Amino acid sequence: MSSEESRKNILVDDSVAENITRVEELAYELKIREVMERNVRTLDSELKMQSAADLFRQQRISGAPVTKNGELIGILSIEDVIRCLVANDMDAPVTRYMTSKVRTIMATDPVVEALKFFVNTGVGRLPVLDEKGNMEGIITKGDLTSGLLFALQRSIQEEELKTYRASHLFEDITSNRTSLILRYVIQPRDFTHGGTASSNIKRALLRMGASPQIARRCGIAAYEAEMNLIIHTTNGGNMRVEIEPHKIALDVFDYGPGIPDIESAMKPGYSTATDSIRELGFGAGMGLVNIARCVDSMKLESVVGKGTRLKMTILLESETVGEGYAGKKEVS
Amino acid sequence: MDVSQLIDLVSGELLNPDADLTRDIKGGCGADLMSDVLASIQPEAVLLTGLCNPQVIRTAQMSDVSAIVIVRGKNPPQETVNLAKEEKIALISSPFGMFELCGRLYQAGLASLEQPVTDGPSEME
C-alpha cells in the first residue's frame, strides 16, 4: 500500500482528533436537561398492548414510559411488543409486558453518565427525573448524538466568530489611523498573577489574526517586562499595548524606583534581583536581553526616584521570526 | 512523539487529566531559569524543569510549549496546577532527576529545541 493510500485509510486525522476531545469535554459540560426530549409520550397502565403497538407505529417511536396516576412504573419497548405479538396476546395490558425495574437518570447529570449507561447496558432509553423525582423528559442515544453535535458546532462557530470579528476589526473601521489599545495595571510582588496581562495580550493578538510567531515574540517581550514591574517597582506599573495593522507598540512604565545604571542593566547577566526572586526562575539579568531579541526596536528611559519607561515596537510586515532588534546588526 | 507517549517514557503522573494528550512534541528543553527558557526554546517542545511555581506555566504558554515535566517527583502547588488546567498545557510529575530525564528523552530520539543564543551586548535606540 502506498503512503498516499494508507493516509486515506486513517479515519482520524489531527483536526478530527481535536474535535473528538472537544466532544469528550462537552460530554462532561453538557447536562442531560440540555439534550433530552421534553415532550414525552407516556402510556397509561390501563392501555392494551394493541393500542401501544399502534401508537409506536403511528408516532414512529420505539419505546415509551408507562405511568399510573402520573407516576413512572415501567417502560415498554418495541421488543416487548414483539414478544407480545409472538405470544398472540395483544389484548393484555401494557403492565404485563413492560419492564418494571426502570433505570432513570437525573436531569442535572452530565451527558457522559447517559453515554456510559447506553454503552454498558445496551438499553435504548432512559427516563429523566428532576430534582424532586418527577419525570421531566426522556433521553435516547439519538438525542445524545444530536445534542452533542449541535453543541460542538455551536462552540466551534462561537470561536470562529470571535476570531473573525477580531481579525476584521481594522477592515470594518475607516479612519486616518485606526488602532486598538489594551491597558493593564500590574501590582508589585504579585507573583501569583504574574504573566496574566501578557497572557491576555498574546491571546488577543492571536484572535486578531496575528501569526503565531508574532504573538510569541510579543508575548515573551511583554512577559519579561511584566515580570520586571512585579519584581522591581515600588508601586507596580502600567502596560499599554497599541495594535495597528502594521505594527504593535508596547509601552511599559512605572513610577519608581528607577534604574541608576541603564548601560549595566542592558548587559546580559547583570541583575539587582534578590535570591528569593531568583528562586522563582527570574532575576538572572536576562530580561531586557530577551526583550531586545524579540522586538524590532526598543527604548529604555529611566530617572532614579521618578520611574522607568520601556517602549518596544514589533513590525508586522517583515515577519523575521526570532530575529528581533538584537539580531539585526546593521541597525545601530 | 505525543504527550501520552511522553508520560510513559518518563514514568510520569499527569497532574491535569483534562490536558490535550494528542499534542505533538518536536523536541526538548531543560532549564530552571525561566529567562533561559524564554530566550532559547523553540515552539512545541517539552519543558523539563525543577521549578514549581505558576510562572512555569506562564513561561510555557508564552513560548508555545507542548508539555511540562517537573523533575524529581516534586508536587507543584495547587495554583500552578490550576493555571495548567486553565491553559490546557499537560503538567507531568516524573520521579527521575533532570539529567536522567534529558538522557531518556534524547535516547528516545527527541531533539534539543534549545536554540543557541548569543548573549552579546544589546544595542539601544
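Placed above this text is the structure.
Residues numbered from 1 in each chain as written. Chains lettered and ligands numbered in written order. Predicted model: local features only at pLDDT ≥ 70, side-chain atom pairs only at ≥ 80, totals over all residues. Heavy atoms only, no water.

## Here we look at the pattern of salt bridges
Taken as a whole and judged by the stated rule, the model has 19 salt bridges over all chains. The shortest N-O distance in the salt bridge between Arg33 of chain A and Glu131 of chain A comes to 3.2 Å. Taken as a pair, Arg33 of chain A in helix 3 (residues 32–35) and Glu131 of chain A in the loop between strand 5 (125–129) and strand 6 (135–140) lie far apart in primary sequence, 98 residues in all. Residue Asp64 of chain B is joined to Arg216 of chain A by a salt bridge in which the shortest nitrogen-to-oxygen separation is 3.7 Å. Here the residue Asp64 of chain B occupies a position in the loop between helix 3 (55–62) and strand 4 (67–70), and Arg216 of chain A occupies one in helix 11 (residues 212–232), the pair thus bridging two chains. (Salt bridge = Lys/Arg side-chain N within 4 Å of Asp/Glu carboxyl O. Helix = DSSP H or I, 4+ residues; strand = E, 2+ residues; numbered from the N terminus.)

## Some details on the interface of chain A and chain B
Listed by partner, the interface residues are 38 residues for chain A and 31 residues for chain B. At the boundary of chain A and chain B, one finds 3 salt bridges. In this structure, Asp64 of chain B and Lys202 of chain A form a salt bridge, with 2.6 Å as the shortest nitrogen-oxygen distance. Counting across the chain A and chain B interface gives 16 residue pairs in polar contact (both at pLDDT 80 or more). When residues of the side of chain A that touches chain B are traced back to their parent elements, those giving at least two are helix 10 (196–207), helix 11, helix 14 (287–294) and strand 10 (297–303) of chain A. Broken down by element, the side of chain A that touches chain B gets its largest block of residues, 7 residues, from helix 11 of chain A. The residue inventory of the side of chain A that touches chain B, partitioned by class, reads 17 nonpolar, 12 polar and 9 charged. (Contact = heavy atoms within 4.5 Å. Polar contact = N/O pair within 3.5 Å; in protein donor to acceptor, adjacent residues only side chain to side chain. Nonpolar A, V, L, I, M, F, W, Y, C, P; charged D, E, K, R; others polar.)

## Considering the nonpolar core
As a rule of thumb, nonpolar side chains are buried together in soluble globular proteins. Met239, Ile291, Met298 and Met312 of chain A together with Ile68 of chain B are the most contacted members of the largest nonpolar core, which totals 68 residues. The leading source of residues in this core is helix 11 of chain A, at 12 residues. Leaving out residues up to four positions away in the same chain, Ile68 of chain B has contacts with Leu47, Thr49, Val56, Ile57, Ala60, Ile89, Ala90, Leu91 and Ile92 of chain B. (Core = buried A, V, L, I, M, F, W, Y, C linked by side-chain atoms within 4.5 Å. Buried < 20%, exposed > 50% of the residue type's maximum accessible area, 1.4 Å probe, protein only.)

## A closer look at the packing of aromatic side chains
Applying the stated criterion to the full structure yields 3 aromatic pairs over all chains. When the centroid spacing of 5.8 Å and the interplanar angle of 90 degrees are considered together, the rings of Tyr223 of chain A and Phe282 of chain A count as edge-to-face. One end of the pair, Tyr223 of chain A, is in helix 11; the other, Phe282 of chain A, is in the loop between helix 13 (275–279) and helix 14, with 59 residues separating them in the sequence. Phe282 of chain A carries the same exposure label as Tyr223 of chain A, and that label is buried. Over the aromatic face of Phe253 of chain A sits the side chain of Arg309 of chain A, whose NZ or CZ is 4.5 Å from the ring centroid. Sitting above the plane of the Phe96 of chain B ring, Arg104 of chain B keeps its charged end 3.8 Å from the centroid. (Phe/Tyr/Trp six-rings, centres within 6.5 Å; stacked < 30°, edge-to-face > 60°. Lys NZ or Arg CZ within 6 Å of the ring centre and 35° of its normal.)

## Considering the side chain of Ser302 of chain A
Residues and elements named next belong to chain A. Inspection of the secondary structure assignment puts Ser302 in strand 10. Separated by 2.6 Å, the side chain of Ser302 and the backbone nitrogen of Ile259 make a polar contact. Of note is the side chain of Ser302, whose polar atom sits 3.3 Å from the backbone oxygen of Gly307. Contact partners of Ser302, with chain neighbours within four places excluded, come to Gly258, Ile259, Ile262, Gly307 and Thr308.

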